[in-house]
Amino acid sequence: MGAFEKIVGRAWVLGDNIDTDQIIQGRYLTLLSYEEMAKHALKIPRPDFASGVKKNDVIVAGRNFGSGSSREEAPQVLKELGVGCIVAESFSRIFYRNGFNVGLPLMLVPGVSSNVEDGNLLTIDFTKGTLTNNDSGKMLQGEPLPSFMREILESGGAVSRYKKLKK
Amino acid sequence: MGATLAEKILGSHTEKGKATAGEIVETSVDLLMVHEVLGSRILPVLDEMGFDKVWDPDRILVVNDHWAPASDVNSSEIHRRNRQFVKEQNITHFCDVDCGICHQVLPEMGLVSPGDLIVGSDSHSTTYGAFNAFSTGLAATDSALIISTGSIWFRVPESIYVKIDGKFAEYVMSKDLILKIIADLGPDGANYQSLEFHGSTIDSMLVGERMTVCNMAVEAGAKSAPMNCNKHVEKWMKEHAPSRSLSPVEPDPDAEYVETFEYNLDKDPLEPMVAVPDNPTNGVPASEAAGTKFDQAFIGSCTNGRIQDLEIAAKILGGQKIHKDIRLIITPASKTTYMQALERGHIKTLMQSGAIITNSTCGACVGGHLGVLGAGEVCVSSTNRNFPGRMGHRDSKVYLASPATVAASALRGEITDPRRL
C-alpha cells in the first residue's frame, strides 16, 4: 500500500453520529482554499482540533461518522490538516466513499471507541488492518478494506485511478 | 429471486442489465445535478483530471441555489465560474440565482422521469425517488468523474420495505410521517440501504408530499428512497415533461428485503412530530416539545418550501399576527412556487401576519444567509437538519417540524401542536 503501510499518531476521540456540519460547517463552504477552510475543521465538537492536530494523528469515532451532507470538504479538511486515518465503528455511506476518493484512509474497527482514550498513541497497520494502542498495549483487529476501496486508495485516490485507467 | 426497485433501476443502467444487492456495478447516469459545488470543488478536480469536454451537455443540470443571490465575494466567484462553465460547455439545463432550490427545480424542468438514475452533488438527491427514480447524492470527485464519463460505480444497496397505509388527520403532514419513520430507524438505520416506500398512503400522496418523504430518507442514512409511480406523478410528467414517454418500474413480488416496517395511520393515528436537537431522528410527538420558546420560525428548503407548505401556513396564520418576540422567515422552494403563492394570495396573507418572504435559496437551512442564527438562538424549522450549528452559531439550536407546526408555533411564540391552536 505504499505510503499507507503503517502510521503512528495520537488519538482524537469523538462520539457517535459526528455529522458533516460538525466536521465543517456550511458557512465555510464558500472558502475557496482548503488551507483556509481547514482552520474551522471540527470546530463544533473540538474547538482545539485545528490548531492542535499533528501529522498522522488519528480520529477515533463511534458509529455513523460523517453522516449528513455529501460535502467532500469534510474529508478534505481533515486530510489537509494531516490526519493519517479515521477509525470508527461505522461510517456514513457518502463520507466513506469521499474519504477514499480523496485518498484519506478510513478503517472500521469494532469496539474502538471503548478501547482508546483521547491523546493515546496509536499504531495503525493498514496491511494487517490492525490498531494498536501503544499506551495500553492492546491490539484491535479491524475489518479488512474491501478490495475495490483498496484499489482506489492504492492508486492515490479516485482522480489518480481515473488517470491511470485512461492511459 | 425477484428484484427491488433499487436493483431494477440500477440494473437497467448497467451493461448486463442486471444488478443484485451487494455487488459493485458500473452504471450509466441519466442526469447529473450540480450546484455551487461545481465552481468551488468540482472544477479544480476536473482540472486535475485533464478534463476537456462534458460527456453530454443535455444530461447535466447546473443550479446556483445555496448562496443565491451571492451572499459574499466567494459565492459570487463560485456563481461566476458556474456561468462560465455552462457557456463554455454548452450546458442545456442551467438555473441561475433567480430559479430556486435544485431539488425543486429539477422536477419542475421535467428532468426526472420514472425509472431514471439520477446523481446529485447534494445528499438530498434522494428526493427524486418520489418520481420512481433511483437517485442519490455523491460529492465533488464522483461528480467530476460523471461529468467526464457519464458513468459511475455503485455498490447495489439492500432494500428496506416501508409500508404506510391510511389517511393523515387534519394538520398532520408527510413531514410528520418521515420524522416518525426516521425516528424509528435511527441516524444510521438505513445506512448504505435503499428505503423503498409503499402502501395506500404513498400511492395517494401528492408529488410535493412524496418529495418531502424521499428527501429526508437520507437522514437515516438511506442511499436512495424510491417509490412506485402514482397518478399524481403521471399528471406531473404530462405537465412538466410532455415529450417523455413513461416507463414506470415496480419491484418484483418476490423481491428480497432486509427489513420491513409497517404503519397504519387509521389504526394508529400519526401525531404532528418535532425532531428535537441535535439530530433529525430525534422525533417526538409535538405535544412533548410543546411550550419550547424560540427566536426564529422558518418555512422553506427542499424539504418543505413547496406550494402545499405555503398554503397550509397561510391557512393557519390567516392574517393573524405572529408572536411579538419571534421572527418568521419564509423561503419558497422555487420561483415557480413563489409565483403560485403570489397568485393564490398566500404571500399577502403571510406578510400580513408578519412573515419575511425571501427569494428562493437554500440560504437559512445551511446556515448560509437570509436567516442565520446567533449564539444561543433557537429556531423551529420546516427544514431537514438540526445538527449542532447547522443554521448558524455553534450554540444555536434547531427543532424540525412540519410547516403546519411551524406556523402554529409562530402564532404562539412557543412550539405548538397545530391541532391545539
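Structure report, in brief. (Residues numbered from 1 in each chain as written. Chains lettered and ligands numbered in written order. Predicted model: local features only at pLDDT ≥ 70, side-chain atom pairs only at ≥ 80, totals over all residues. Heavy atoms only, no water.)

### Some thoughts on the overall build of chain B
Quick note on the threshold: Here a helix means four or more residues in a row that DSSP labels H or I, a strand means two or more in a row labelled E, and each is numbered from the N terminus. Here the radius of gyration uses the C-alpha set of atoms, whereas the globule reference equals 2.2 Å times the residue count to the power 0.38. Three labels apply to residues, based on accessible area from a 1.4 Å probe with only protein chains included: buried if under 20% of the type maximum, exposed if over 50%, partly exposed otherwise in between. In this analysis, two residues are considered to be in contact whenever any of their non-hydrogen atoms come within 4.5 Å of each other.
Each helix and strand in chain B was counted, giving 15 helices and 17 strands. Taking 421 residues into account, the globule formula puts the C-alpha radius of gyration at 22 Å, and chain B, at 20 Å, falls close to it. For chain B, the spread of C-alpha atoms along the three principal axes comes to 60 × 55 × 40 Å. Per-residue burial over chain B gives 65% buried out of 421 residues. Counting only contacts in chain B whose residues sit at least 6 apart along the sequence, the fraction spanning at least 24 positions is 77%.

### Description of helix α8 (residues 207-216) of chain B
Among the 10 residues that make up α8(B), 9 are buried, leaving the element largely enclosed by the rest of the structure. Taken together, the buried positions of α8(B) are Val207(B), Gly208(B), Arg210(B), Met211(B), Thr212(B), Val213(B), Cys214(B), Asn215(B) and Met216(B).

### Focus: the sheet that holds strand β6 (residues 134-137) of chain B
Residue and element names in this part refer to chain B. Filter applied, for reference: Note: two strands are recorded as paired if DSSP finds a minimum of 2 bridges between them. For helices, the axis comes from a line fit to the C-alpha atoms of the stretch in contact; other axes are also lines fit to C-alpha atoms, and the angle between any two N-to-C directions lies between 0 and 180 degrees.
Taken together, 5 strands build an open sheet; the order of strands is β4-β3-β2-β5-β6 and the sheet is parallel. Strands at the two margins of the open sheet, each flanked by one partner only, are β4 (93-95) and β6. Neighbour-to-neighbour, the strand axes of this sheet turn through a mean angle of 15°, independent of strand direction. Taken together, the 3 bridges between strand β3 (residues 60-63) and β4 define a ladder with parallel strand orientation. Residue pairing in the sheet places Leu-61 in a bridge with His-93 of β4.

### Looking at the interface of chain B and chain A
How big an interface is tends to be expressed through the accessible area that disappears when the partners come together. Note the threshold: As used here, buried area is the combined drop in accessible area, with a 1.4 Å probe, of two parts when they are placed together. Just to be clear on terms, a salt bridge is a Lys or Arg side-chain nitrogen sitting within 4 Å of an Asp or Glu carboxyl oxygen. Under this definition, polar contacts are N or O atom pairs within 3.5 Å; protein pairs additionally need one hydrogen-donor-capable and one acceptor-capable atom, and for neighbouring residues in sequence, both atoms have to be side-chain atoms. Throughout this entry, Asp, Glu, Lys and Arg are counted as charged residues, while Ala, Val, Leu, Ile, Met, Phe, Trp, Tyr, Cys and Pro are counted as nonpolar. The remaining residues, Gly among them, count as polar.
Each side of the interface is counted separately: chain B has 47 residues, and chain A has 42 residues. Carbon and sulfur atoms make up 53% of the surface buried where chain B meets chain A, a total of about 3700 Å² over both sides. A per-residue breakdown of the area chain B buries against chain A is headed by Arg41(B), Trp153(B) and Arg394(B), which together make up 19% of the total. Counting across the interface, chain B meets chain A through 4 salt bridges. Of the charged contacts in the structure, one is a salt bridge between Arg63(A) and Asp188(B), with a shortest N-O distance of 2.7 Å. Counting across the chain B and chain A interface gives 24 residue pairs in polar contact (both at pLDDT 80 or more). Within the residue set of the side of chain B that touches chain A, elements represented by two or more residues are α2 (37-49), α3 (73-88), β6, α5 (140-149) and β7 (151-155) of chain B. Among the elements that make up the side of chain B that touches chain A, the one with the highest residue count is α5(B) (6 residues). Here the residues of the side of chain B that touches chain A sort into 17 nonpolar, 18 polar and 12 charged.

### Quick word on the environment of Gly318(B)
All names here are of chain B. Within the secondary structure, Gly-318 is located in the loop between α12 (307-317) and β14 (327-331). For the pair Gly-318 and Asp-417, spaced 99 residues apart in sequence, the C-alpha separation works out to 17 Å. Every residue in contact with Gly-318, bar those within four places of it in the chain, is listed here: Thr-349 and Ser-353.

### Structural notes on the sheet that holds strand β7 (residues 139-141) of chain A
The pairing of strands in a sheet happens through backbone hydrogen bonds and is either parallel or antiparallel. Residues and elements named next belong to chain A. The strand order across the open sheet formed by 7 strands is β4-β3-β2-β1-β5-β6-β7, and the pairing between neighbours is mixed. On the outer flanks of this sheet lie β4 (106-108) and β7, each paired with one strand and no other. Looking at each pair of strands side by side, their axes are set apart by 30° on average, direction ignored.

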